[in-house]
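# Inside the fold
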Amino acid sequence: MPEYVAAIDQGTTSTRFIIFDHNGNVVAVAQKEHKQIYPKPGWVEHDPLEIWQNTQEVMRQAVKTVNGPSSIVCIGITNQRETTVVWEKSTGQPVYNAIVWQDTRTDAICNELAKGSGQDRLRAKTGLPLATYFSGPKIKWILDNVPGAQAKAENGELLFGNMDTWVIWNLTGVHVTDVTNASRTLLMDLHTLDWDEEILQLLGIPRAMLPKICSSSEIYGHVALSGGQGAAKSEVEERWLEGIPVAGDLGDQQAALFGQTCFNPGEAKNTYGTGCFMLLNMGELPVPSDSGLLTTLAFKIGDQKAIYALEGSIAITGALVQWLRDNLGLIAKSSEVEELARTVEDSGGIYFVPAFSGLFAPYWKSDARGAILGLTRYVNKGHLARAVLEATAYQTREVLDAMEKDSGVQLKALKVDGGMVFNELLMQFQADILDVPVIRPKVAETTALGAAYAAGLAVGFWRNYDELRVNWGKDKEWQPQMDAARREKLFSGWKKAVTRTFDWIE
């Protein structure tokens, strides 16, 4: 009987269960979207119980298409990072909806913390600026705003987790996270790989509610019939999965880096999803950024030394295409954006700066707001679609410029993954505006694959990195075709447009 490794990919818009063979090929996949909840402008929430229910459904659906659960050797987890859940330890009931990474309600908390010391107050320890993006301020908001939550947390009655912790706890009853997810909370010291007591006191977060920080590749626990104590279960008990080890845990962008086999310093990838995230492997030492990037954990495999990365995070890329579809109705499905954009030769002189959740790297301006600039009567919906795609490429160029400045490493090519990499118009424009080749791998599901790799290494399904490198193969490559003068003129216009979105809210 063939053996497989599976991964739960708990993303911003959906949850997927993907099963891989030893060659890294997708054997089965099931996916289910969950609701996006917008209670107020700038607020974004998910229902954690809906996500857990969906997780069970996609697991069952995918396993039915292979030789049953006995063929699954282990399970890895990858997840939308920073999205914050607080729940009751005894019942498994969330005290509030999950606050999503895009949510900006903690702006006042971050501004208060930055008074006097500035936005980089905690950067030396955490590698991160004070920003609404990260989990720590979100935990504080829940404890401050949910009646009785602070007292319950101090009494050890509440647990916190990013989505990896929530899913693992429900699967196994074990309260853990890995170094990559912990590094996105604003609460972990990059050097000790442990929660920082001084920061916890600053935010009023009891240490008892935090998960144990583990490596990205080890057996955390096994799927249990009861899962988390009192955790919400589906009507159909998941007895058929019982006993399978849960052995890999990586935040989604680090998982993609691992799935792209960027194991050596100087190797980088860019993931095009709801947002866009470029990571550059920097080896065993955390490199501070002077250019608005994040210093973060890349991965830690078992007892090996932790590997660090520089990251450029962009909040809105694929989400902008969804906005064209859902809010404006210009397209019926996201895949139609390329066809619409191809009806025109260029963007008609407009720029779309999608600062819906403020601007992330390299600016970190939570008060920026989206804008379309350069409008004339000439512009039509085709130009708008093209500007939407170009916005992703321009934002990626800004991140790459910052990355090369901080690292001293000049990229010779960019490995790409995520849903938008099948948009050929975008990939060509990306190569043009970066002036480097853009390479899409044969297996585009690199996020889930990275989590599967981490889990498989923990149980010996794969022996070492060399086996994983053999699995990587190139599907398509785009070479730059734009002349230098046009490239720099377009990018200069973008930089000017971005400045127009600053300090929108007085």
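The shown structure was predicted, so the numbers you read here are calculated from the model rather than taken from an experiment.

## Observations regarding the overall build of the protein
Per the secondary structure count, the protein includes 16 helices and 23 strands. Relative to the globule expectation of 23 Å for 506 residues, the C-alpha radius of gyration of the protein, 22 Å, shows essentially globular dimensions. Expressed along its principal axes, the backbone C-alpha trace of the protein runs to roughly 60 × 55 × 45 Å. The buried share among the 506 residues of the protein stands at 62%. Here the contacts in the protein between residues at least 6 apart in sequence split such that 74% fall between residues at least 24 apart. Of note, the protein has its 48 positive side-chain charges centred 3 Å away from the centre of its 61 negative side-chain charges.

## Looking at the environment of Ile-109
Topologically, Ile-109 is positioned in helix 2 (residues 107-114). On the accessibility criterion, Ile-109 (15% relative accessible area) is buried. C-alpha of Ile-109 to C-alpha of Pro-288: the two residues are 179 residues apart in sequence and 24 Å apart in space. Not counting the four nearest positions on each side in its chain, Ile-109 is found in contact with Pro-137, Lys-140 and Trp-141.

## With respect to the packing of aromatic side chains
What the rule picks out here adds up to 27 aromatic pairs. Relative to Trp-364, the ring of Tyr-133 lies with its centre 5.9 Å away and its plane at 25 degrees, an arrangement referred to as stacked. On the criterion of sequence distance, the pair formed by Tyr-133 in the loop between helix 3 (123-126) and helix 4 (135-145) and Trp-364 in the loop between strand 19 (351-353) and strand 20 (371-373) is long-range, its members being 231 residues apart. Look at Trp-364 and you get buried, because its relative accessible area is 7%. Relative to Phe-429, the ring of Tyr-394 lies with its centre 5.5 Å away and its plane at 90 degrees, an arrangement referred to as edge-to-face. Taken together, the residues span a long stretch of sequence, with Tyr-394 in helix 12 (residues 381-407) and Phe-429 in helix 13 (residues 424-434) at a distance of 35 residues.

## Brief notes about the sheet that holds strand 2 (residues 14-20)
Spatially, the six strands line up as an open sheet ordered 3-2-1-5-14-13, and their pairing is mixed. Two strands close off the open sheet at either side, each with one partner strand: strand 3 (26-33) and strand 13 (217-222). This sheet shows a mean twist of 25 degrees between the axes of neighbouring strands, independent of strand direction. Here strand 1 (residues 4-10) runs beside strand 2; their pairing, made up of six bridges, is antiparallel. Bridge pairing links Val-5 to Phe-20 in strand 2. Contacts from helix 9 (residues 252-259) reach strand 5 (72-79) and strand 14 (245-251) within the one sheet, and its direction differs from that of strand 14 by about 100 degrees.

## With respect to helix 13
Side chains three or four residues apart in an α-helix point the same way, a direct result of the helix having 3.6 residues per turn. Of all 11 residues that make up helix 13, 10 are buried, and the element is covered over most of its length. The set of residues buried in helix 13 consists of Leu-425, Leu-426, Met-427, Gln-428, Phe-429, Gln-430, Ala-431, Asp-432, Ile-433 and Leu-434. Its side-chain oxygen 3.3 Å from the backbone nitrogen of Leu-425, Asn-423 forms the N-cap of helix 13. Just past helix 13, the residue Asp-435 takes up positive phi, approximately 65 degrees.

## Notes on the pattern of salt bridges
With the rule as written, the count across this model stands at 33 salt bridges. Two residues, Glu-311 and Arg-184, come together in a salt bridge whose shortest N-O distance is 2.9 Å. Of this pair, Glu-311 sits in strand 18 (residues 307-314) while Arg-184 sits in the loop between helix 7 (179-182) and strand 10 (188-189), and the two are 127 residues apart along the sequence. Neither Glu-311 nor Arg-184 differs from the other in exposure class; each is buried. Notably, a salt bridge pairs Lys-476 with Glu-424, separated by 2.5 Å at the nearest N-O pair. With Lys-476 in strand 23 (residues 474-478) and Glu-424 in helix 13, this pair connects stretches of sequence that are 52 residues apart. Its relative accessible area of 25% is what places Glu-424 among the partly exposed residues.

## Description of the nonpolar core
The nonpolar side chains of a soluble globular protein tend to be buried, and buried together. Tyr-133, Leu-187, Ile-205, Met-209, Phe-258, Tyr-272 and Phe-299 are the most contacted members of the largest nonpolar core, which has 138 residues in total. Ranked by residues supplied to this core, first place goes to helix 12 with 12 residues. Ile-205 has contacts with Gly-136, Ile-139, Lys-140, Leu-143, Leu-187, Leu-200 and Leu-210, leaving out every residue within four places of it along the chain. Counting residues in each nonpolar core, the second largest holds 34 residues, with Val-66, Leu-159, Val-223 and Val-246 among its members.

## Quick look at the pairing of strand 8 (residues 158-162)
Counting buried residues in strand 8 gives five out of five residues, a clear majority hidden from the surface. Alternating positions in strand 8 separate into two faces, Leu-158, Phe-160 and Asn-162 on one and Leu-159 and Gly-161 on the other, with burial throughout.

## Focus on the sheet that holds strand 16 (residues 276-283)
An order of 17-18-16-15-21-22-23 is seen for the seven strands of this open sheet, with the pairing classed as mixed. If you trace the sheet from one side to the other, it starts and ends with strand 17 (294-299) and strand 23, each paired once. For this sheet the average axis-to-axis angle between neighbouring strands, irrespective of direction, equals 30 degrees. Sheet topology note: the strand 22 (residues 438-441)/strand 23 ladder contains four bridges and is antiparallel. Looking at strand 23, one finds that Ile-439 is bridged to Glu-477. On top of the sheet, helix 9 reaches strand 15 (268-272), strand 16, strand 17 and strand 21 (414-417); it is set at about 55 degrees to strand 17, its chief contact.

Quick notes on the rules
Residues numbered from 1 in each chain as written. Predicted model: local features only at pLDDT ≥ 70, side-chain atom pairs only at ≥ 80, totals over all residues. Heavy atoms only, no water. Helix = DSSP H or I, 4+ residues; strand = E, 2+ residues; numbered from the N terminus. Rg over C-alpha atoms; globule rule 2.2 N^0.38 Å. Buried < 20%, exposed > 50% of the residue type's maximum accessible area, 1.4 Å probe, protein only. Contact = heavy atoms within 4.5 Å. Lys, Arg positive; Asp, Glu negative; His and termini not counted. Charge placed at Lys NZ, Arg CZ, Asp CG, Glu CD. Phe/Tyr/Trp six-rings, centres within 6.5 Å; stacked < 30°, edge-to-face > 60°. Pairing = 2+ DSSP bridges. Axes fitted to C-alpha atoms, helices over the stretch in contact; angles between N-to-C directions. Polar contact = N/O pair within 3.5 Å; in protein donor to acceptor, adjacent residues only side chain to side chain. Salt bridge = Lys/Arg side-chain N within 4 Å of Asp/Glu carboxyl O. Core = buried A, V, L, I, M, F, W, Y, C linked by side-chain atoms within 4.5 Å.

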